[in-house]
Amino acid sequence: MKYNTSQKEKLIEFLINNKEKHTNVQEIGAYLRSEGTPLGTATIYRQLDSLVDSGIVRKFVIDGKTGACYQYIENREECYEHFHLKCLSCGKLIHLECSQLMEISRHIAENHGFEIDNSQTVFYGRCSECSAETDG
């Protein structure tokens, strides 16, 4: 079953407008309903899988218990040049330019024959703002 173009456009619009954070199917579904272009959960998952396959959206799986998160990739090439930090408290995604991590990536490639895909490499933890809230 194909869905209409306005629904697809609204889904992509939501992802682009929220490109600085990870979003989930529930948030996307709520947005589409509020815009008058509702989509079923299974259809949203199918569309997201298609966008992931085409390289427009990145999929993050935190653990086996919670649903996946998705993020629009504005400049796909840039995400291959750095690592990512994901705050488990506020959901912020930080693009990390770090020469030490790049050296580790190079070491692994040269000495262990394994190429790391930086665009898929995410370190999970707490950002400085969230850490300060609980420490302060």
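Residues numbered from 1 in each chain as written. Predicted model: local features only at pLDDT ≥ 70, side-chain atom pairs only at ≥ 80, totals over all residues. Heavy atoms only, no water.

Student: I'm lost on helix α3 (residues 41-53) in this one. Help?
Tutor: Because each turn of an α-helix spans 3.6 residues, side chains separated by three or four positions end up pointing in the same direction. A rise of 1.5 Å per residue sets the reference length of α3, with its 13 residues, at 18 Å; its end C-alpha atoms lie 18 Å apart and thus fit the reference within 8%. Elements in contact with the buried residues of α3: α1 (5-17), α2 (25-34), β1 (57-60) and β2 (69-72). The positive-phi residue at the C-terminal boundary of α3 is Gly 55, with phi of around 85°. (Helix = DSSP H or I, 4+ residues; strand = E, 2+ residues; numbered from the N terminus. Expected span 1.5 Å × (residues − 1). Contact = heavy atoms within 4.5 Å.)

Student: What is the right way to read the nonpolar core from this model?
Tutor: Leu 11, Leu 15, Ile 28, Leu 32, Ile 44, Leu 48 and Tyr 70 are the most contacted members of the largest nonpolar core, which totals 15 residues. Of all elements in the fold, only α1, α2, α3 and β2 reach the threshold of two or more residues within this core. For this core, the leading source of residues is α2, giving 4 residues. When neighbours within four sequence positions are excluded, Leu 11 is seen to be in contact with Ile 28, Leu 32, Leu 39, Ile 44, Gln 47, Leu 48 and Leu 51. (Core = buried A, V, L, I, M, F, W, Y, C linked by side-chain atoms within 4.5 Å. Buried < 20%, exposed > 50% of the residue type's maximum accessible area, 1.4 Å probe, protein only.)

Student: I'm lost on the packing of α1 against α2 in this one. Help?
Tutor: Packed helices, taken two at a time, are described by their axes: the angle between them and the distance between them. Remark: α1 packs on α2, axes separated minimally by 10 Å, with the N-to-C direction vectors making an angle of 125°. In terms of orientation, α1 lies oblique with respect to α2. For the pair α1 and α2, the crossing hand works out as right-handed. On the side of α1, the interface is formed by Gln 7, Lys 10, Leu 11, Glu 13, Phe 14 and Leu 15, while α2 contributes Glu 27, Ile 28, Tyr 31 and Leu 32. (Axes fitted to C-alpha atoms, helices over the stretch in contact; angles between N-to-C directions. Parallel < 35°, antiparallel > 145°, perpendicular 65-115°, else oblique. Left-handed = near helix turned anticlockwise from the far one by under 90°.)

Student: Mind showing me how you'd approach the sheet that holds strand β4 (residues 93-96) here?
Tutor: Neighbouring strands of a sheet are bound in pairs by backbone hydrogen bonds; such pairs are parallel or else antiparallel. Ordered by their spatial adjacency, 3 strands build an open sheet running β4-β3-β5, and the pairing between neighbours is mixed. Since the sheet does not close on itself, it has two edges, and those belong to β4 and β5 (122-125), each with one partner. Ignoring which end each strand starts from, the neighbouring axes of this sheet average 25° apart. With 4 bridges connecting them, strand β3 (residues 83-87) and β5 associate as parallel partners. Residue pairing across strands places Leu 85 opposite Phe 123, the latter belonging to β5. (Pairing = 2+ DSSP bridges.)

It is worth stressing that arrangement in space is one thing and function is another; only the former is reported here.
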